[in-house]
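Here's the letter readout for the chains.
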Amino acid sequence: MLDGALKLLKELTEHDYKAYIVGGFVRDYLLGIDSQDVDIATNATPKEIKEIFSDVFLPTEDYGSVIVNKYGVRFEITTFRKEFNYQNHRRPDEIQYIDDLYQDLLRRDFTINTICIDENGEIVDFLGGRDDLERRLIRAVGDADERFEQDALRILRAIRFATVLNFQLDSEVVEAIRKHRGLLKELSFYRKKEELDKMFASGYADKGIDLLLEYHLDKTLELKNLSKVENTNSVIGIWSVLNVEDIYPFSNNEKELMANIRAVMTLNNLDPMALYEYGLYVNSVAGEMKGIDKKKITESYNRLTIHFRGDLAVTSEEIMECLQKKPGEYLSDIYEDIEKEVLYRRLPNEKQQLLTYIRKNFASSS
Ligand code: ATP
Ligand code: MG
């Protein structure tokens, strides 16, 4: 990935532009963590970048970023800029393209996100980012108080980086979080969820939750159940405890999944009926949150006598014929009953025995 990124930098510098890798890739590279994409900072404008690279995607031209996919890597190329007039504690109302890397670094959030790599692979570090990386410290660029007031997302980004990287928050950052936590209300639930998802997916999710609770962000984030989260093995498991589908955005599938997880939390996840009705995945997530070994749940699931109604050794036609009846509601009652008998091994899943049972128990009721 670094090789591809250096080649891309060379293409820009050969056209007499300044260009650096910056942000998450450099930070993670120095920490030995793989990155998904690479952020590039340059003095070339989006229009000029478009003249150099053929396959350019301009998603947010107003903000000076273009996407280039090359060498199997996704590059987000952002023109050096200054930002003015932050609106609603989130976005600058106005940006100005500039020629100077140093000035561009000053508008970035944390020192660990300002370390650059130039086209020769040399580190460029104006703001002491490497020291902070070594000290494992989240320190704001400039005055934390002012920077968090400008853009409240930085509050959540601070906690996200402290969580994912298992870093410490600088004392000024902590103070600014405490002071401006109310501003989180101004952010969209979509943005907040993006950050929370990254925290919850991290191996240190429990630390993230502790930080959110410590600074009372559960209130401003409207996560009233946050203190009830005990197990952080599964992101969807955490969200189902939080139970905030009415305000945070989720797909219909996720909503159904979370409702099911909540339903099986109160059941015994090794019970055949719970496993049969809700399936392996939902029970595993709930079981994991309750500290039940996933292997045990999988074994119990695999040992079920049937996994679907279609696994029963009788068909609807056979039941109707045996009872001499036309189709009707009664069929689902019979199914539910024999499913239970077979799942609890009180009846073998064998055609003749099932039909005998059905005749004996359901023949008289019309
Ligand atoms: P990751 O990609 O792992 O989420 P990242 O630090 O690369 O982390 P991006 O959202 O890709 O995050 O942003 C790239 C860079 O842009 C950051 O490293 C930082 O320098 C700057 N940046 C991003 N968001 C902000 C913000 N809200 N305020 C100031 N600077 C920001
Ligand atoms: Mg990035």
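Located above this text is the structure these notes cover.
Let me sum up the structure you'll find in this document. From a predicted model like this one, the values you see are computed outputs, not experimental measurements.

1. A closer look at the packing of aromatic side chains
And step 1. Considering all chains together, one arrives at 8 aromatic pairs under this definition.
And step 2. Aromatic pair Phe 110 and Phe 148: ring centres 6.2 Å apart, planes at 80°, arrangement edge-to-face. Residue Phe 110 is located in the loop between helix H4 (101–105) and strand S8 (116–117), and its partner Phe 148 is located in helix H6 (residues 144–150); the two are separated by 38 residues in the primary sequence.
And step 3. Phe 110 sits in the buried class, given a relative accessible area of 0%.
And step 4. You can call Phe 148 buried: its relative accessible area is 1%.

2. Section: the site of ligand 1
And step 1. Residues in contact with ligand 1 amount to 14 residues; listed here are only the nearest, Gly 24, Arg 27, Asp 151, Arg 154 and Arg 160.
And step 2. Within the contact set of ligand 1, an oxygen atom lies 3.2 Å away from a side-chain nitrogen or oxygen of Arg 157.
And step 3. Contacts to ligand 1 include Arg 160, whose side-chain N or O atom sits 2.9 Å from an oxygen atom.
And step 4. Relative to its unbound accessible area of 580 Å², ligand 1 is 77% covered by the protein chains.
And step 5. Elements with a contribution of two residues or more to the shell around ligand 1: helix H2 (24–30) and helix H7 (153–164).
And step 6. Broken down by element, the residue count for the shell around ligand 1 peaks at 4 residues, all from H7.
And step 7. In terms of residue class, the shell around ligand 1 is built from 1 nonpolar, 3 polar and 10 charged.

3. Re the pattern of salt bridges
Side chains that differ in charge, positive against negative, can pair when their charged atoms come close.
And step 1. Evaluation of the coordinates by the stated rule reveals 22 salt bridges.
And step 2. When the shortest N-O distance is used, the salt bridge between Lys 70 and Glu 11 registers 2.7 Å. One end of the pair, Lys 70, is in strand S4 (residues 65–70); the other, Glu 11, is in helix H1 (residues 2–14), with 59 residues separating them in the sequence.
And step 3. Through salt bridges with shared partners, a single network forms among Arg 81, Glu 83, Asp 104, Arg 107 and Arg 108.

4. Describing unusual backbone geometry
Excluding glycine, a negative phi dihedral is what most residues carry, and trans is how most peptide bonds are arranged.
And step 1. Phi angles above zero are rare outside glycine, and Asp 16 is one such case at about 70°.
And step 2. If you trace the backbone, Asp 16 turns up in the loop between H1 and strand S1 (19–22).
And step 3. Judged by its relative accessible area of 72%, Asp 16 falls in the exposed class.
And step 4. One non-glycine residue, His 89, adopts positive backbone phi at about 55°.

Conventions adopted
- Residues numbered from 1 in each chain as written.
- Chains lettered and ligands numbered in written order.
- Predicted model: local features only at pLDDT ≥ 70, side-chain atom pairs only at ≥ 80, totals over all residues.
- Heavy atoms only, no water.
- Phe/Tyr/Trp six-rings, centres within 6.5 Å; stacked < 30°, edge-to-face > 60°.
- Helix = DSSP H or I, 4+ residues; strand = E, 2+ residues; numbered from the N terminus.
- Buried < 20%, exposed > 50% of the residue type's maximum accessible area, 1.4 Å probe, protein only.
- Near = heavy atom within 4 Å.
- Polar contact = N/O pair within 3.5 Å; in protein donor to acceptor, adjacent residues only side chain to side chain.
- Areas by Shrake-Rupley, 256 points an atom, 1.4 Å probe, with all protein chains shown as cover.
- Nonpolar A, V, L, I, M, F, W, Y, C, P; charged D, E, K, R; others polar.
- Salt bridge = Lys/Arg side-chain N within 4 Å of Asp/Glu carboxyl O.

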